[in-house]
Amino acid sequence: MVAGETSGDLLAGLLLNGLKARWPNLQSGGIGGPQMVRRGFDAWWPSEKLAVRGYVEVLRHYREIAGIREQLKNRLLSAPGQRPDVFIGVDAPDFNLGLEAALKADGIRTVQFVCPSIWAWRADRVEKIRRSVDHVLCIFPFEPALLATHGIAATYVGHPLAAVIPMQPNRQTARRTLGLHDEDTVVAILPGSRKSEIEYLALRFFQAAALVKRAKPAIKFIVPAIPALKILIERLADEAGVRADVQIVAGQSHAVLAACDVTLIASGTATLEAALFKRPMVIAYNMNWLSWQIMRRKQLQPWVGLPNILCRDFVVPELLQDAATPRALADALLQWVDAKSSAPEKITAVQQRFTQLHALLQRDTSQLATDAIQKILET
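Fair warning: this is a prediction, and the values are worked out from it, not measured in the lab. (Residues numbered from 1 in each chain as written. Predicted model: local features only at pLDDT ≥ 70, side-chain atom pairs only at ≥ 80, totals over all residues. Heavy atoms only, no water.)

Engineer: I would appreciate a short explanation of the nonpolar core in the present structure.
Structural biologist: As a rule of thumb, nonpolar side chains are buried together in soluble globular proteins. Counting 102 residues, the largest nonpolar core has M1, I88, F113, F206 and L329 as the members making the most contacts within it. The element contributing the most residues to this core is helix α10 (residues 195-215), with 10 residues. Membership of the second largest hydrophobic core comes to 14 residues, among which are I31, L50, I68 and L72. (Core = buried A, V, L, I, M, F, W, Y, C linked by side-chain atoms within 4.5 Å. Buried < 20%, exposed > 50% of the residue type's maximum accessible area, 1.4 Å probe, protein only. Helix = DSSP H or I, 4+ residues; strand = E, 2+ residues; numbered from the N terminus.)

Put into structure tokens, the structure is as follows:
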């Protein structure tokens, strides 16, 4: 298995639950993170090695990433006892599809867990997917039919997070866990899970927090930080002059999302988690200018945030690249904060949309994915 970054590690960990229940003596290894290791996975390289986003950023790390992929390919194809019954690539399509193509060509069954976003951008990937994988495990319901039109076998398995996150999150318990009071107005700040995202986003997020704090001094801010990036986040909060006003905790992103009233959040899987927690949000993103120009030209629809893509509507605001100024971010946050008392129906409408989305994505992913993999192994 190969899973890149935090979200892939989480998805792969949940999948491993189903695989180990079906095959108790399962042996798994490759590239993974702590969630996978906790389930007996042998991580030959840590998933953080693949946690790079953006064209220019990838180029800077290309030699190291390409080297890891080549070593992994050689190990799986030629090392005694390492040849797997099935290879599962979890998200990370830029890394996994090329590896899967080589493995499939040599007779190893290949599965891609999470369909590359051909419906959002990179439609040119379709042919590469067909060459590379025997089956795609899809986390969104419309994807199998789309892949079928291109002759690619796929199964909708639901989104694992929809089964993990309760339909009605317990805000009160989460607040007690984090030392917050029931009457507090709480803003969660999630500037990303990659170092590159934090470097591009965290400072402007904290500058926005300073503006919000000036307008609403009683507001509480909380940031769930990946432990390895906590020092960087603390430094950027200090640079923005809000270190004393921001509670930075190690991990606990789900507790933070359950506890908050609204979140300022980097575009990515975390936005879907926030939607499943039924939280209003402001989605933002900023990256290297050249990466942004390339990505924008490949975009196939008007939305970037997953909640908006899945709802086919701008349910929550998106502020991207040059539009993601501290002032604009602060104003968008304050609109949600003010709606809590002046327009509660606006928040209720968002919560209803996200509840419908949650129900659509809620399936027994571990079992459905394991069933699909077993059928692949039997053919």
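That shown, we press on.
Engineer: Explain the pairing of strand β12 (residues 281-285) to me, please; I cannot follow it from the model alone.
Structural biologist: Consecutive side chains of a regular strand alternate in pointing toward one face of the sheet and then the other. Summarising burial for β12: five of the five residues are buried, a large majority. The alternating pattern of β12 places M281, I283 and Y285 on one face and V282 and A284 on the opposite face, and all of these are buried. With four bridges connecting them, strand β11 (residues 262-266) and β12 associate as parallel partners. Counterpart to T263 in the pairing with β12 is M281. Remark: the β11/helix α13 (residues 269-276)/β12 crossover connection has right-handed handedness. Bridge count for β12 against strand β13 (residues 318-320) is three bridges, and the pairing is parallel. Of the residues in β13, the one forming a bridge with Y285 is L320. (Pairing = 2+ DSSP bridges. Right-handed = clockwise from strand over helix to strand, strands pointing away.)

Engineer: How do you make sense of the sheet that holds strand β9 (residues 220-225) when you look at a structure like this?
Structural biologist: The pairing of strands in a sheet comes from backbone hydrogen bonds and takes either a parallel or an antiparallel form. With parallel pairing, the six strands of this open sheet are ordered in space as β10-β9-β8-β11-β12-β13. Here the strands that pair on one side only, and so sit at the sheet edges, are β10 (246-250) and β13. The mean angle between the axes of side-by-side strands here comes to 20°, regardless of whether they run parallel or antiparallel. Contacting β8 (186-190), β11 and β12, α13 runs over the sheet at an angle of about 160° to β11. (Axes fitted to C-alpha atoms, helices over the stretch in contact; angles between N-to-C directions. Contact = heavy atoms within 4.5 Å.)

Engineer: Would you take a moment to explain the pattern of salt bridges for this structure?
Structural biologist: Pairing is possible between side chains of opposite charge, provided their charged atoms come close. Throughout the structure, instances matching the rule amount to 17 salt bridges. Here R130 and E127 are joined by a salt bridge, their closest N and O atoms 2.2 Å apart. Taken together, the residues span about one helical turn, with R130 and E127 both in helix α6 (residues 126-132) at a distance of three residues. Owing to a relative accessible area of 32%, R130 belongs among the partly exposed residues under this scheme. (Salt bridge = Lys/Arg side-chain N within 4 Å of Asp/Glu carboxyl O.)

Engineer: Which parts of the structure should I look at to understand the environment of A284?
Structural biologist: Structurally, A284 is set in strand β12. The exposure class assigned to A284 is buried, which follows from its relative accessible area of 0%. Residues A284 and Q168, spaced 116 residues apart in sequence, show a C-alpha to C-alpha distance of 26 Å. Aside from chain neighbours lying at most four places away, what touches A284 is L201, F205, I265, A266, S267, L319, L320, A324 and L329.

Engineer: Could you clarify how one ought to interpret the packing of aromatic side chains in this entry?
Structural biologist: Note on aromatic pairs: each is described by the distance of the centres and the angle between the planes. Following the criterion strictly, the structure yields one aromatic pair and no others. Seen from their ring centres, F140 and F142 are 6.4 Å apart, and the 10° between their planes marks the pair as stacked. Judged by relative accessible area, which is 4%, F140 ranks as buried. On the basis of relative accessible area, F142 is assigned to the partly exposed category, the value being 34%. The lysine or arginine in question, R69, covers the ring of F95, its NZ or CZ lying 5.7 Å from the ring centre. The ring of W336 has K346 sitting right over it, with the charged end atom 4.7 Å from the ring centre. (Phe/Tyr/Trp six-rings, centres within 6.5 Å; stacked < 30°, edge-to-face > 60°. Lys NZ or Arg CZ within 6 Å of the ring centre and 35° of its normal.)

Any link to function would need more than the numbers given here.
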